[in-house]
Every structure is written in C-alpha cells, then in structure tokens.
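Chain by chain, the residues:
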Amino acid sequence: MLIELKPHVDRFAFIRRLERMGLQAVAQGEQRISVVRGMEEGVMPELFAALPEVESVRPLKEKFKLASIAAAKKTVIEVRGKTIGGNELFVIAGPCSIESREQMEVCAQAAQKHGAGGLRGGAFKPRTSPYEFQGMGEEGLKILKEMGEKYDLATVSEVMDASQIDLVASYVDILQVGARNMHNFTLLKELGRIKNPILLKRGFAATYQDLLLAAEYIISAGNPNVILCERGIRTFETHTRNTLDLNLVPALKELTHLPIIVDPSHGTGRRSMVLPMARAAVAAGADGIAIEMHPNPDRALTDAAQTIGFASFEKMMKEINLIHKCLSEV
Ligand code: PEP
Ligand code: MN
C-alpha cells in the first residue's frame, strides 16, 4: 500500500504510528510512504484513506513493492558530486583486486583523466579456491580511500558478509554485494541500516525477479540507495565466462526506478569483448558501466583475462561517451 500524505504532515511520526499498529512502513520521497509488511493481516486501505493526514491511498500489488516503478520517482544517487541514475553516465573503473598503492595510484589517475566517476578495487575477494589470493583486506581499503580522496573519485569495494559492513563502510563510498552474495539475505538486511549506496550485482543464476527482490531486502530494511548491476549469467554457452544479459537493461527500466549499471568485464570474461559490450550496454540504456582495468592487465592477480589496460580504457570512455551523448540528443 502506497500512502500519499498531505503537505506538512510529519511522515516519520506517521510511520511510527503505523508501527504501533503492527505494520512496517518505509518513507519513499517527501510525502510518500509504503507499507511493506503487516498488510497480510487484513488491514484495509480504505481505513487509511479516511485519516486526516492522508491525501490518497493506493494498493501496491507489485511483488517489488519498493523497487517498483509504481512506488517512487527515478532514483538518482549522489556520490562525491556525481550522480548515478540521472542524466550522466557513471563509470566505475579499477582493478579486480587492490594489489598495491602504486597500482591504485595509476588506476586512479587514469580513471580521473578519462572521466570515470568511480574507482573500484576488491579488498575482500570471493575466490573459488581458498588457496588463491584473498585480497589485501583493510590495508587495501586504506589505499582505496586515499586514492578516492586524492583523485576525487567515488570508491567501490565488496563486502562479503555482515561482519565486514562497518569496516568497509568506514573506508568506502559504495559497497558492492558480489554475485555470489546476492542471495545472502542476512547481509542484504544488514545493509539496510547504513546509508552508503549499495552496488548489488546479479547472481549468476538469478532471474530479474531474484535481483529485484534482493534489492527489496535492502530498501525495506531502510537503505533506498541501491544500484543494480548486470554482470552476466551462466548459460550453456562456453565461449565466454558468462553471458551478458543486456535484455535486462530495458526490462528493468520498465519495472524499477533504481539505476542499472552493466559490468562487461565479468559479463564476458574476455578482454577483447569488453569494449564492444560496454558500447552495447550504453546503447541499451544502462546508467553506467563497471570495468576492470590494470596498469599491466596480464599480471593482474585476479581476473587478468577480462582486465583491460589504460589505452583500451581511454578508447572505451571516448566511445561510450559518444554513444551516450548521441542518445541524449535525439
Ligand atoms: C568483482 O567485481 O570483482 C566480482 C567478484 O564480481 P562478481 O561478484 O560479479 O563476480
Ligand atoms: Mn573481478
């Protein structure tokens, strides 16, 4: 149920009142709140429509009550003076893993020089094998923070479980939930208590509904700043590491007000395919791109095969900005 309140009504006081009635509600925009839990018990929307504070009441039949396009205006997230989900294209670039201060410094320089808004780097890495490089941990986060501040880039890094949230949030602007953790509902709920934007990556066997419901967990727990990320799914195709499902971009644009960015690095697993698929993602209407780059891609400690170098990154930025500009002018 979506309740539109009259001007000047204190929405938080109203939410507290609903909570005393056993309902759970979330503020959505200035005078709008959504009741997300408790309606099963037979609460009737007509009763709310009669209250003096209430302008109108609308049932929310969608499965995605808070992420649904019916529930809110387009979500535009602001980080370090840049916007995600607005009119600009937001590019996140950086290595798969933070390896050293020197590596992050040159990545940050390249990212800033060519117009990226975000700097990525994994400090806690979800590796298939426990014997492979697991990331630099907190030391890596310190480097990421330093470079984000020095080059004025929004920083992005993965949080693997709920116990890491406060640590990662103390260093990083945008917290990434990786594909392997998209179904970690404890983590998703806990991310609801912080305000940092969350980059929520699609699980490699997740449907669009699974992704939106994962977003719903974070929003309903109190954090509306969710950015969805298509990063490829597992199919029977063996040519690429994953199959980048670009259908998801226009599909989600019809269903949700949340920003959608595309990761063609994990989506293809192949360096040579990253640029064409980045171009295609922007042409399909993505709000941004997340890309893995490294000063010496072949020597990247993780995901080398899909990591591009600075020259390719420069080329990609020129191409996608041109495509984005064309689309905004027609
Ligand atoms: C990553 O961004 O390096 C990563 C591990 O991504 P994903 O969770 O999409 O595999
Ligand atoms: Mn990676």
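Residues numbered from 1 in each chain as written. Chains lettered and ligands numbered in written order. Predicted model: local features only at pLDDT ≥ 70, side-chain atom pairs only at ≥ 80, totals over all residues. Heavy atoms only, no water.

Between helix H3 (residues 101-113) and helix H4 (residues 138-150), the shortest axis-to-axis distance is 10 Å and the interhelical angle comes to 30 degrees. Classified by the interaxial angle, the pair formed by H3 and H4 is roughly parallel. Both H3 and H4 take part in a crossing whose hand is right-handed. Residues Arg101, Met104, Glu105 and Ala108 of H3 form the contact with H4, whose participating residues are Ile143, Leu144, Glu146, Met147 and Lys150. For the contact of H3 with H4, a count of residues per class yields five nonpolar, no polar and four charged. (Axes fitted to C-alpha atoms, helices over the stretch in contact; angles between N-to-C directions. Helix = DSSP H or I, 4+ residues; strand = E, 2+ residues; numbered from the N terminus. Parallel < 35°, antiparallel > 145°, perpendicular 65-115°, else oblique. Left-handed = near helix turned anticlockwise from the far one by under 90°. Contact = heavy atoms within 4.5 Å. Nonpolar A, V, L, I, M, F, W, Y, C, P; charged D, E, K, R; others polar.)

Turning our attention to the packing of aromatic side chains. Within this structure, the stated rule accounts for two aromatic pairs. Here the basic side chain of Arg234 rests over the ring of Phe204, its NZ or CZ set 4.4 Å away from the ring centre. (Phe/Tyr/Trp six-rings, centres within 6.5 Å; stacked < 30°, edge-to-face > 60°. Lys NZ or Arg CZ within 6 Å of the ring centre and 35° of its normal.)

This part takes up helix H11 (residues 310-329). End to end, H11 covers 28 Å across 20 residues, agreeing with the expected 28 Å (1.5 Å per residue, within 8%). Of all the residues in H11, the buried ones are Phe313, Met316, Met317, Glu319 and Ile320. Buried residues along H11 sit against strand E7 (90-94), H3, helix H10 (271-283) and strand E14 (288-292). (Expected span 1.5 Å × (residues − 1). Buried < 20%, exposed > 50% of the residue type's maximum accessible area, 1.4 Å probe, protein only.)

A few words now on helix H7 (residues 208-220). Spacing of three or four residues puts side chains on the same side of an α-helix, whose turn is 3.6 residues. Along its 13 residues, H7 runs 18 Å from first to last C-alpha, staying within 8% of the 18 Å computed at 1.5 Å per residue. Considered for burial, the residues of H7 that qualify are Leu211, Leu212, Ala214, Ala215, Glu216, Ile218, Ile219 and Ser220. Those residues of H7 that are buried are in contact with strand E2 (24-27), strand E3 (32-37), helix H6 (185-191), strand E11 (198-201), strand E12 (226-230) and helix H8 (248-255).

Quick look at the domain arrangement of the protein chain now. Under the domain assignment used here, the protein chain contains domain 1 (2-58) and domain 2 (77-329). The C-alpha-based centres of domain 1 and domain 2 are spaced at 35 Å. (Domains from an automatic or database assignment.)

Let's shift gears to the sheet that holds strand E8 (residues 118-120). Pairing within the closed barrel is parallel, and its eight strands lie in the order E7-E8-E9-E10-E11-E12-E13-E14. Adjacent strand axes in the sheet meet at a mean angle of 25 degrees when their direction is disregarded. Two strands pair when backbone bridges link them, and E12 and strand E13 (residues 260-262) are joined in this way by three bridges, in the parallel orientation. Note that in E13 the partner of Glu230 across the bridge is Val262. Contacts from H8 reach E12 and E13, with the element oriented near 175 degrees to E13. Most of the contacts of H11 go to E7, to which it runs at about 175 degrees, and overall it touches E7 and E14. (Pairing = 2+ DSSP bridges.)

Another point: the side chain of Asp263. Checked against the element boundaries, Asp263 lands in the loop between E13 and helix H9 (264-268). The class for Asp263 is buried, based on a relative accessible area of 1%. A distance of 2.9 Å separates a polar side-chain atom of Asp263 from the backbone nitrogen of Ser265. Beyond its immediate stretch of four places on either side in the chain, Asp263 contacts Lys201, Cys229, Glu230, Arg231, Leu244 and Ala290. (Polar contact = N/O pair within 3.5 Å; in protein donor to acceptor, adjacent residues only side chain to side chain.)

Below, the discussion takes up empty space enclosed by the protein. Using a probe with the size of a water molecule, rolled over the atoms, empty space left in the structure can be pinpointed. Overall, the coordinates contain one cavity of 30 Å³ or more when judged by the stated rule. Computed from the structure, the largest cavity encloses a volume of approximately 30 Å³. Lining the largest cavity, in full, are Ile92, Arg120, Val156, Gln176, Leu199, Lys201 and Ala290. Classifying every residue of the lining of the largest cavity by side-chain character gives four nonpolar, one polar and two charged. (1 Å grid on protein atoms, 1.4 Å probe; cavity = no way out; pocket = protein on both sides within 12 Å on 5 of 7 lines; lining within 4 Å. Points joined across faces, edges and corners; volume = space filled by probe spheres on them.)

Secondary-structure assignment places Thr268 in helix H9. Thr268 sits in the buried class, given a relative accessible area of 2%. Here the side chain of Thr268 touches Pro264 through a polar contact of 2.8 Å, landing on its backbone oxygen. The contact partners of Thr268, leaving out residues within four places of it in the chain, are Thr240, Arg241, Asn242, Met273, Val274 and Met277.

Of all five residues that make up E12, five are buried, and the element is covered over most of its length. Judged by which residues are buried, E12 turns out to be covered on both faces: Val226, Leu228 and Glu230 on one side and Ile227 and Cys229 on the other are all buried. Relative to E12, E11 runs parallel, the two being bridged by four bridges. Its bridge partner being in E12, Ile198 is matched across the sheet by Val226. At this point the chain moves from E11, through H7, to the parallel E12, and the crossover so formed is right-handed. Viewed along the sheet, the connection from E12 through H8 into E13 turns out right-handed. (Right-handed = clockwise from strand over helix to strand, strands pointing away.)

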